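Structural description and commentary
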Amino acid sequence: MNAFMTLTGIETLHLRMERHSANALKVAQFLEQHPAVARVSYVGLPSSPYHGLARKYLRRGFGSVFTVSLKGGFDAGVRVVEGVELLSHLANIGDTRSLVIHPASTTHRQLTEEQQVRAGAGPDVLRLSIGIENADDIILDLDRALSRA
C-alpha cells in the first residue's frame, strides 16, 4: 500500500505543484495589498529582490511557502493563527492543505527576539504554506482572520 501511495503521489506531483504555485501567487498578491500586512516575502512577487532570479530558474512556478510580516506585531500574529478556519495551524510544509504558523510563539519561541529576527522569524512574521484548495477560499479565510486581528 505504501508503494502504491508513493507512486500515485509521484504521478500527480506536477499537477499539485502547479496548483500550489498558482494559489500561492494569488494569495501573496492579495496579502501584499492588505492594510494589515507590512511586507510579503515571496519570490513570485515583482517586489521581491529575488524575483528576477526566480523567473530565470523557477520557470514552472515559484512554490507555495512564503512569509508575511504583520503591522500588528506579535499579538496580531497569534490572533491571525487563532482566527483562521480553513488553514491549519501546523509546523510542517508541503501539505496539500494550506497551513499557517507563527514561528515566534511556536517553533522559534526559545530564541531571543533578536535571534528570531535574524532567523527571519520575528514577532510579526507568519509562515504560510499554501495548499491546493480554492484560492478564493484561502484568501477569504486570511482576510477574515486579519480583519479580526
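Before going into details, it helps to say that this report is about the structure given with it. (Residues numbered from 1 in each chain as written. Predicted model: local features only at pLDDT ≥ 70, side-chain atom pairs only at ≥ 80, totals over all residues. Heavy atoms only, no water.)

**With respect to the nonpolar core**
- Formed by 27 residues in total, the largest nonpolar core has its most connected members in L31, V40, F66 and L128.
- Those elements that place two or more of their residues in this core are α1 (2-33), β1 (37-41), β2 (65-70), α3 (73-83), β5 (125-129) and α5 (135-148).
- Looking at this core element by element, the count peaks at 5 residues for α5.
- Sequence-distant contacts of V40, defined by excluding residues within four places in its chain, comprise A28, L31, E32, L45, F66, T67 and V68. (Core = buried A, V, L, I, M, F, W, Y, C linked by side-chain atoms within 4.5 Å. Buried < 20%, exposed > 50% of the residue type's maximum accessible area, 1.4 Å probe, protein only. Helix = DSSP H or I, 4+ residues; strand = E, 2+ residues; numbered from the N terminus. Contact = heavy atoms within 4.5 Å.)

**Side note on the pattern of salt bridges**
- For the structure on display, the rule yields 3 salt bridges.
- A salt bridge links R118 to E114, with the nearest nitrogen and oxygen atoms 2.8 Å apart. In this pair, R118 and E114 are both assigned in helix α4 (residues 113-118), 4 residues apart and thus about one turn of the helix distant.
- Here R118 falls in the exposed class, since its relative accessible area comes to 61%. (Salt bridge = Lys/Arg side-chain N within 4 Å of Asp/Glu carboxyl O.)

**Let's talk about α5**
- Helix length check: α5 (14 residues) gives 20 Å between terminal C-alpha atoms against 20 Å at 1.5 Å per residue, within 8%.
- Among the residues of α5, A135, I138, I139, D141, L142, A145 and L146 are the ones counted as buried. Each buried residue of α5 lies within a common arc of 160 degrees when the element is viewed along its axis, so the set occupies one face. Those residues of α5 that are exposed and angled more than 90 degrees off the buried face are S147 and R148.
- Lining the buried residues of α5 we find α1, β1, β2, α3 and β5.
- The N-terminus of α5 is capped by N134, whose side-chain oxygen sits 2.8 Å from the backbone nitrogen of D136. (Expected span 1.5 Å × (residues − 1). Arc of directions from axis to C-beta. Polar contact = N/O pair within 3.5 Å; in protein donor to acceptor, adjacent residues only side chain to side chain.)

**A closer look at the sheet that holds β2**
- Ordered in space as β1-β2-β5-β4-β3, the 5 strands form an open sheet in which the pairing is mixed. The sheet is open, and its two borders are formed by β1 and β3 (88-89), each paired with just one other strand.
- Sheet topology places β2 next to β5; 5 bridges connect them, and they run antiparallel. The partner of F66 across the bridge, within β5, is L128.
- In the packing of α3 onto the sheet, contacts are made with β2, β3, β4 (99-101) and β5, and the angle to β2 comes to roughly 130 degrees. (Pairing = 2+ DSSP bridges. Axes fitted to C-alpha atoms, helices over the stretch in contact; angles between N-to-C directions.)

**Quick look at the environment of I138**
- Residue position: I138 is located in helix α5.
- Put simply, I138 and E113 are 25 residues apart on the chain and 29 Å apart in space, counted from C-alpha to C-alpha.
- Setting aside residues up to four positions removed in sequence, I138 forms contacts with N23, V27, L86, L87, S98, I130, G131 and E133.

**Here we look at the packing of aromatic side chains**
- Under the defined criterion, the tally for this structure stands at 2 aromatic pairs.
- Geometrically, the ring pair formed by Y42 and F62 is edge-to-face, given 6.5 Å between the ring centres and 80 degrees between the ring planes. Highlighted residues: Y42 in the loop between β1 and α2 (51-57) and F62 in the loop between α2 and β2, separated in sequence by 20 residues.
- The interplanar angle of 55 degrees and the centroid separation of 5.1 Å between the aromatic rings of Y42 and F66 together place this pair among those described as tilted. On the criterion of sequence distance, the pair formed by Y42 in the loop between β1 and α2 and F66 in strand β2 is long-range, its members being 24 residues apart. No difference in accessibility class separates Y42 from F66, as the two residues are buried.
- Through pairs of rings, three or more aromatic residues link up here, namely Y42, F62 and F66. (Phe/Tyr/Trp six-rings, centres within 6.5 Å; stacked < 30°, edge-to-face > 60°.)

On their own, these measurements won't tell you what the molecule is for.
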